[in-house]
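Structural overview for review
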Amino acid sequence: MTALLEVRDVAVSFGGVRALDGVTFALQVGELLGLIGPNGAGKTTALRAITGTVRPDRGTVTLEGLELTRLPVHRRVRAGLGMSQQLVRPFRAMTAIENVMLAAGTAKTHAPFGALLKRDRGPEREKALAHLETVGIAEAAESAPDSLPLGTLKRLEMARALALEPKVLLLDEPLAGLNHVEARRLADTIVELNRGGVSIVLIEHNLGEVMRVCSRLVVLDNGRVLGDGAPEAVMADPAVRTAYLGAGAGVEAGHA
Amino acid sequence: MEYEITLMTLAGIAVIAALGLNLITGFCGQISLGHAAFYGAGAYGAAMLTTNGVSFWLALPAGALVAGALGLVVGLASLRVRHDFLAITTMGVGFLFIGVVRQQDALGGEMGIYAIPDPGLGRLGYMVLVVVLAGLVAAFSLYLKRSWMGFAFDAIADDEDTALMVGIDVARYKLAAFAMGTAIAGVAGVLYAHEIKYIGPDSFGFPESIAMLAMVAVGGIGSVGGVAFAAVVMTVLPHWLQVVAEYKLLLYGALLFAVMRFSPGGLAGLVRSWRTRAGGFRIAATGKVEP
């Protein structure tokens, strides 16, 4: 079976620093994959190499067999990647729903002069509202992003990525900065999305939630894959424990 | 009456040029300090044609084409620069244009091109043409703002990196903005050349670029009505008041500074906040206080 998303032997360096050193992993259809590792392990860099914000020195990224490695960011998005960034970046001059509408309108924004001939935003508004409902912030639809709390903006970021109707949803620390209750609720939303058929790569520091929701884990450390498999099995690996939690630490550490 | 007609014509030309810049800077968020170069490219392109016997009606679209083509080239070269660097790059283009024009005997060199033929519409007829074209450019701007192209421009002006993340081909949209905005500047240039009947390198220098940017900023970056209004006032005022004419650059500079410091939304921003405040009072008066 070919994987939905395949990262093969990807290496990235910034100046003299090697951020990724031959990372290989794959995402199967319908999976909720947790990509974890200590700070500086290369998780975000791996995600950026997938979206194209970072150009790898070597290696390939393929989506459903389509090689993405040389495509610019917007083409990868159109090929089926949806990304929710670690630091929320809403379009601040737009309302929440407009943020999502724009993403829902990729068919209309394909080419500038084609876009010039299209005006109707009705269907996209309906879709956007549905996505805002999915992530549970429909009541914030007409609000300006600057007036919304971080928890809502995190969900907005996710709704915008969902509106792209991606084959793979990439979530970079969606729970960071949220309190315990908010984090749990958003993690539940992620599980629901996954059950609804969205394949997801989740980068997360909140180990408790990761262990609870993910079906498989890939552990990165120092730019290399340290472990790949079922959450309990991976976390039981002494090498992973040492790297990720420090020598002698246990899984019950919860929040890393 | 003659004088008023001339003023109206010049104001209309300024509106066209400023709305062209507004498309690039206001809608798409790409600052340009060299807009006068494209204005000049249109003027020179068309004047070369009409002084050689080509019809004004052919020279008008040709001027737009020349300016738009130059805009596309500059746009391509500027794709990798942003913000302050884009400002400096476009400023450089402005100086480059003047420098090249001064050296070209074919373009009249320092002397410029004079005795540009009259389009033969009469003073009033020409004014009507200019005003109609200004109206068309304004209508086009308003249409564009509400189209999906305008929607994508909003995103690019807001945050280019995030625009890529929602699948927008930022580079192509920027090029489209440059091509359209500079072609519109070219139209204004053609109209200017055939109004004044003389053009020289000094007609399209850095002060003209700053004046256009001031019109856009004072009117309210991105606001079609505000920019058109500011373009009319800032063209007419120096002709009415000698003081304004003498200190034009100083005044425009001060205006730019004042707007950026006190009301970054320009006049349009001021009107909007007054309206909101007035709306607030109305709500308070009826007792229905809503968040």
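None of these values were measured; they are calculated from a predicted model. (Residues numbered from 1 in each chain as written. Chains lettered and ligands numbered in written order. Predicted model: local features only at pLDDT ≥ 70, side-chain atom pairs only at ≥ 80, totals over all residues.)

This next bit is on the overall build of chain A. In terms of helices and strands, chain A carries ten helices and ten strands. Scaling as 2.2 N^0.38, a compact globule of 256 residues should have a C-alpha radius of gyration of about 18 Å, and chain A matches this with 18 Å. Taken over the C-alpha atoms alone, chain A extends approximately 60 × 40 × 35 Å along its principal axes. Expressed as a percentage of its 256 residues, the buried residues of chain A come to 46%. Here the contacts in chain A between residues at least 6 apart in sequence split such that 66% fall between residues at least 24 apart. (Helix = DSSP H or I, 4+ residues; strand = E, 2+ residues; numbered from the N terminus. Rg over C-alpha atoms; globule rule 2.2 N^0.38 Å. Buried ≥ 20, exposed ≤ 12 C-beta atoms within 10 Å, placed from the backbone. Contact = placed C-beta atoms within 7 Å.)

Scanning chain B from N- to C-terminus turns up 13 helices and zero strands. Taken from the N to the C terminus, the helices and strands of chain B come in the order α-α-α-α-α-α-α-α-α-α-α-α-α. Relative to the 2.2 N^0.38 estimate, which gives 19 Å for 291 residues, the radius of gyration of chain B is 20 Å and therefore close to what a compact globule would have. Along the first, second and third principal axes, the C-alpha set of chain B runs to 70 × 50 × 35 Å. Residues classed as buried in chain B amount to 51% of the 291 residues present. Sequence-distant contacts, at least 24 apart, represent 79% of the contacts inside chain B between residues at least 6 apart.

What follows is about the pairing of strand β4 (residues 58–63) of chain A. Residues and elements named next belong to chain A. When strand β1 (residues 5–14) meets β4, the two strands line up antiparallel, connected through five bridges. Residue pairing for β4: Glu6 is matched across the bridge by Thr62. Pairing between β4 and strand β5 (residues 66–67): two bridges, direction antiparallel. Its bridge partner lying in β5, Leu63 is registered against Leu66. With antiparallel pairing between neighbouring strands as the criterion, β4 and β5 make up a hairpin whose turn holds two residues, including Glu64 at a positive phi of roughly 50 degrees. (Pairing = 2+ DSSP bridges.)

Right, let's talk about the domain arrangement of chain A for a bit. By convention, interface size is frequently given as the accessible area that disappears when the constituent parts associate. All names here are of chain A. Along its sequence, chain A is carved into domain 1 (1–80 + 167–250) and domain 2 (93–165). Using C-alpha coordinates to define each centre, domain 1 is positioned 25 Å away from domain 2. The partner domain 2 presents eleven residues to the ten residues of domain 1 that form the contact. Elements with a minimum of two residues in the side of domain 1 that touches domain 2: α2 (73–79), β7 (168–172) and α7 (180–195). Per-element tally for the side of domain 1 that touches domain 2: the top contributor is α7, with three residues. In terms of residue class, the side of domain 1 that touches domain 2 is built from six nonpolar, two polar and two charged. (Domains from an automatic or database assignment. Nonpolar A, V, L, I, M, F, W, Y, C, P; charged D, E, K, R; others polar.)

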